[in-house]
Amino acid sequence: MSTITANVEQANAYRSLKDKVILITGASTGIGRAIAIETARQGANVVVNYIGKADAAQEVVREIENDHGTALAIEADVSKSDQVQHMISQAVSHLGRVDVLVNNAGIEKESPFLDKPESEFDAVIGVNLKGPFLCTQAAARDMAKRKKGTIINISSVHEDLPFPGYSAYCAAKGGLRMLCRDLALELAPHGINIVNVAPGAIDTPINKRTLSNPEKKLALKREIPLGRVGEPQEVAKLVCYLASDDAAYITGTTVVIDGGLMHQTGSL
Ligand code: NAD
């Protein structure tokens, strides 16, 4: 064996997601984008789900391919069951199966509870809670046939922490907390583990309004014991571990990644 071949094999040995097929919802921006790029770097074949503009998703695919990875962009609204079914069957027909599903797509809308429109509540619950329900059911039906699979939900510290103005968001993430715990029991006999990742404040488009305002950004940083906002790549690296076989014994729980925010008194 040549030295180069040996080095490549050695490098591949550390690619903990080699040959796994990972589908990430809402993967054209923010945390989902970082997860797509990082999991591909770790050897996974990646499905980049997106809604709306295809350019950003295609750019993620190109970035992965330029780094010698395999990726495929599939459009689907995660809150629509027919589109979700179609997405999973497309992923299976192109890449053979889905080993890991990352329910990352999410929206955040602020309004005082007494004025919150029904349509806003429906939209947030539709994407943030019904979306993971539909995607998990469709993916788990395929995983159950092979008695192996992993579901990762990108939840939030707000699965536990109240956030005035964001009652629909908190209800959705709180619901995701119990969906994870319930499905851990229901899906365990099928060889499927499920875990929530609860980020605190991460520098992504969802926080644009706060992070582009210097005063609001400073106030936010003061709430975080580690004194800074997190990076999407930090969440992505945690997801890589949870998606790997090394983490197959973790199920029905939430891993928090928040710089200590949840422990701060008087926080958000
Ligand atoms: P983001 O706005 O960049 O990402 C959300 C993605 O979801 C976007 O790409 C969007 O197009 C996609 N999306 C929205 N509706 C969709 C639908 N119906 N179908 C498919 N995709 C859809 O923001 P982000 O911060 O990267 O958010 C990712 C996840 O992380 C969300 O679930 C969010 O609640 C969660 N989260 C973010 C933070 C943070 O501080 N950024 C903190 C805690 C949790």
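The rules behind the values
Residues numbered from 1 in each chain as written. Predicted model: local features only at pLDDT ≥ 70, side-chain atom pairs only at ≥ 80, totals over all residues. Heavy atoms only, no water. Helix = DSSP H or I, 4+ residues; strand = E, 2+ residues; numbered from the N terminus. Buried < 20%, exposed > 50% of the residue type's maximum accessible area, 1.4 Å probe, protein only. Near = heavy atom within 4 Å. Polar contact = N/O pair within 3.5 Å; in protein donor to acceptor, adjacent residues only side chain to side chain. Areas by Shrake-Rupley, 256 points an atom, 1.4 Å probe, with all protein chains shown as cover. 1 Å grid on protein atoms, 1.4 Å probe; cavity = no way out; pocket = protein on both sides within 12 Å on 5 of 7 lines; lining within 4 Å. Sits in = over half its atoms within 2 Å of the grid points. Nonpolar A, V, L, I, M, F, W, Y, C, P; charged D, E, K, R; others polar. Axes fitted to C-alpha atoms, helices over the stretch in contact; angles between N-to-C directions. Left-handed = near helix turned anticlockwise from the far one by under 90°. Contact = heavy atoms within 4.5 Å. Points joined across faces, edges and corners; volume = space filled by probe spheres on them. Core = buried A, V, L, I, M, F, W, Y, C linked by side-chain atoms within 4.5 Å.

Asker: A description of unusual backbone geometry should follow, citing residues and the corresponding values.
Answerer: If a residue is not glycine, its phi is most likely negative; likewise, a peptide bond is most likely trans. Phi is positive for His68, close to 70 degrees, though the residue is something other than glycine. Its location among the elements puts His68 in the loop between helix H3 (54-66) and strand S3 (70-75). Even without being glycine, Lys147 reaches a positive phi, approximately 55 degrees. The exposure class assigned to Lys147 is exposed, which follows from its relative accessible area of 51%.

Asker: Could you give an account of the site of the ligand, with specific residues and numbers?
Answerer: Taken together, the neighbourhood of the ligand is formed by 28 residues, with Thr29, Ile31, Tyr169, Thr204 and Asn207 sitting nearest. The contact in question runs from an oxygen atom of the ligand to an N or O atom on the backbone of Ile31, over 2.8 Å. Asp77 places a polar side-chain atom, nitrogen or oxygen, 2.9 Å from a nitrogen atom of the ligand. Taken by itself the ligand offers 820 Å² of open surface, and the protein chains cover 91% of this. Applying the majority rule of atoms within 2 Å of the grid points places the ligand in the largest pocket. Put simply, the parts of the chain that give the shell around the ligand at least two residues each are helix H2 (30-41) and helix H6 (167-187). A breakdown of the residues in the shell around the ligand according to their chemical character gives 14 nonpolar, 12 polar and 2 charged.

Asker: Quick rundown of the packing of helix H4 (residues 81-95) against helix H5 (residues 118-146)? Include the residues and the values.
Answerer: Running from amino to carboxyl end, H4 crosses H5 at an angle of 35 degrees, the nearest separation of the two axes being 9 Å. For the element pair H4 and H5, the recorded crossing hand is right-handed. Of the residues in H5, those touching H4 at Ser81, Val84, Gln85, Met87, Ile88 and Val92 are Leu134, Cys135, Ala138, Ala139, Arg141 and Asp142. In terms of residue class, the contact of H4 with H5 is made up of 8 nonpolar, 2 polar and 2 charged.

Asker: Could you give an account of the layout of surface pockets, with specific residues and numbers?
Answerer: Volume-wise, the largest pocket comes out at about 1300 Å³. Lining the largest pocket are 50 residues, with Glu108, Thr204, Pro205, Ile206 and Asn207 positioned closest to its centre. Of all the secondary structure elements, the ones that give two or more residues to the lining of the largest pocket are H2, strand S2 (45-50), H5, H6, helix H7 (208-211) and helix H8 (214-223). It is H8 that contributes the most residues to the lining of the largest pocket, 4 residues altogether. Per-class residue counts for the lining of the largest pocket are 23 nonpolar, 17 polar and 10 charged. Computed from the structure, the second largest pocket encloses a volume of approximately 160 Å³.

Asker: So what about the nonpolar core? Which residues, and what values?
Answerer: Among the nonpolar cores identified, the biggest contains 34 residues, and Val46, Val102 and Ile152 are the most heavily contacted of them. Of all the secondary-structure elements, those providing two or more residues to this core are strand S1 (21-24), H2, S2, H3, strand S4 (100-103), strand S5 (149-154), strand S6 (192-199) and helix H9 (232-243). Sorting elements by how many residues they give to this core places H9 first, with 7 residues. Among all residues touching Ile152, those that are not within four sequence positions of it are Val100, Leu101, Val102, Asn103, Val195, Val197, Val239, Leu242 and Ala243. One finds Ala91, Ala105, Cys135 and Met143 within the second-largest nonpolar core, a separate group that totals 30 residues.

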